[in-house]
Every structure is written in structure tokens, then in C-alpha cells.
Amino acid sequence: MDRQPVLEGERLLLRPLRPDDWDALYAVASDPLIWELHPAHDRWQEPVFRAFFADALAGGGAMVAIDRASGAVIGSSRWQAHDPSGTGSVEIGWTFLARSHWGRVWNEEMKRLMLAHAFRWVARVDFRVGEGNLRSRGAMERIGGRLSARDGGVVETASGPARHVIYEITRERFAEGPLLRR
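Read on for an overview of the structure. Keep in mind that this is a model prediction, so the values were computed, not measured.

1. Comments concerning helix H1 (residues 22-29)
Here comes step 1: What H1 keeps buried is the set Trp22, Leu25, Tyr26, Val28 and Ala29. Projected down its long axis, H1 shows its buried positions confined to an angular sector of 155°, all on one face. Looking at H1, the residues exposed on the side facing more than 90 degrees away from the buried face are Asp23 and Ala27.
Here comes step 2: Considering only its buried residues, H1 is in contact with helix H2 (46-59), strand E3 (62-67), strand E4 (73-83) and strand E5 (89-97).

If you want it as C-alpha cells, here you go:
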């Protein structure tokens, strides 16, 4: 699976994250309210975000989100845990957007672009979401994600252990789901 594409939608351009994106992306991520419900609620702090950013670069699947109208960096997301065995799966996550771009249209366009790209290679996309992150869980349900019976487990964050759940969208569900009706 190509985890470093350039994807373009009506409002967003998604391109691979680069080291020189640090300043613009940290300017977005330094807002504590973005991380308020997130398991890593201290990610707005520079040392914590610096580790997150370094991990994103090292993993090779991180994308930066750019508002096409203004050219401003407004957030990021990434692909991880690609499993090509069987029918294949990949995880999409670590998504955050500037509060100025909160609301359905931005997140939904980002996920639609990433899902359409991923389903060229895999049959299922997983999303690991903090159990108490009701904002992200609601967003997952609006885009057609279904809570999986698989256990998301406890993930160690810089803030401490955090319980996660897994949502999934299959290629078939995506083809009939709400994201394509827009």
C-alpha cells in the first residue's frame, strides 16, 4: 500500500508529512483544547508533541492536511499497522484538526480521501479511539464506523495508560456508506 500519496479533495490537500512542517503543525497542535478529550491530553506540550511528530515522520505513513483555500496547515492524520495478509487491513488515526476546522466537512473529507485510497489495497480499515473520547467516537459513527468486537486494549501514552476501542469500516460498508453520499 502506498502510504505517502498526495490526495486532493474539494477543501483539503493531503500530502506526506515533512520535517519542515514542524512549525506550522505545532502551531495547530499547541492548542490544549484539541487534546482535551484525547487519551494523550498533554500532546499540546512541545516535548510531547515533538515525540509524536518524530514518530509520525519515522513511521512513513503520516499526512499533513492543508486547507486548499488558504494554503494553511490545519492538521494531520496517518496510516499505520498495514497488514497485507489475507484481504488486508490498515489503521487510520492520530488525526487532529485546528479548532477553526472542526465540524463535519473537514474531518469527513479527510477520512473519505484516506479511505478511498486505502481501499485500493485493503478490505478493512481500523480506527483506534480513546474509550472516553466521545467527540471522536461520535465522528466515527457519523462516517459509518462500526464498533468492532476486537478489543482496542490499553495503550500507554505520555499521560499514562488509556483504554481504547476499535471502529472499523469495510470496503463494502464504505461503498454503501454515508461518506460517499456527500
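2. Some thoughts on the pattern of salt bridges
Here comes step 1: All chains considered together, the criterion is met by twelve salt bridges.
Here comes step 2: Where Glu109 meets Arg112, a salt bridge forms, and the shortest distance between an N and an O atom there is 4.0 Å. Residue Glu109 and its partner Arg112 are located together in helix H3 (residues 104-118), separated by three residues, close to a single helical turn.
Here comes step 3: Residue class for Glu109 comes out buried when judged on its relative accessible area of 2%.

3. Here's the deal with the layout of surface pockets
The method is simple in principle: a probe with the dimensions of a water molecule rolls over the atoms, and the space it marks as empty is what remains.
Here comes step 1: When its volume is computed, the largest pocket comes out at roughly 990 Å³.
Here comes step 2: Surrounding the largest pocket, 43 residues form its lining, His38, Trp94, Thr95, Asn133 and Ser136 being those nearest its centre.
Here comes step 3: Put simply, the parts of the chain that give the lining of the largest pocket at least two residues each are H2, E4, E5, H3, strand E6 (124-130), helix H4 (134-142) and strand E7 (146-157).
Here comes step 4: Broken down by element, the residue count for the lining of the largest pocket peaks at seven residues, all from E5.

4. A few points about H2
Here comes step 1: Over its 14 residues, H2 runs 20 Å from end to end, which matches the ideal 20 Å to within 8%, given 1.5 Å per residue.
Here comes step 2: The set of residues buried in H2 consists of Val48, Phe49, Phe52, Phe53 and Ala56. Viewed along the axis of H2, the buried residues span an arc of 135°, placing them on a single side of the element. For H2, the exposed residues lying more than 90 degrees away from the buried face are Pro47 and Ala58.

Procedures and definitions
Residues numbered from 1 in each chain as written. Predicted model: local features only at pLDDT ≥ 70, side-chain atom pairs only at ≥ 80, totals over all residues. Heavy atoms only, no water. Buried < 20%, exposed > 50% of the residue type's maximum accessible area, 1.4 Å probe, protein only. Helix = DSSP H or I, 4+ residues; strand = E, 2+ residues; numbered from the N terminus. Arc of directions from axis to C-beta. Contact = heavy atoms within 4.5 Å. Salt bridge = Lys/Arg side-chain N within 4 Å of Asp/Glu carboxyl O. 1 Å grid on protein atoms, 1.4 Å probe; cavity = no way out; pocket = protein on both sides within 12 Å on 5 of 7 lines; lining within 4 Å. Points joined across faces, edges and corners; volume = space filled by probe spheres on them. Expected span 1.5 Å × (residues − 1).

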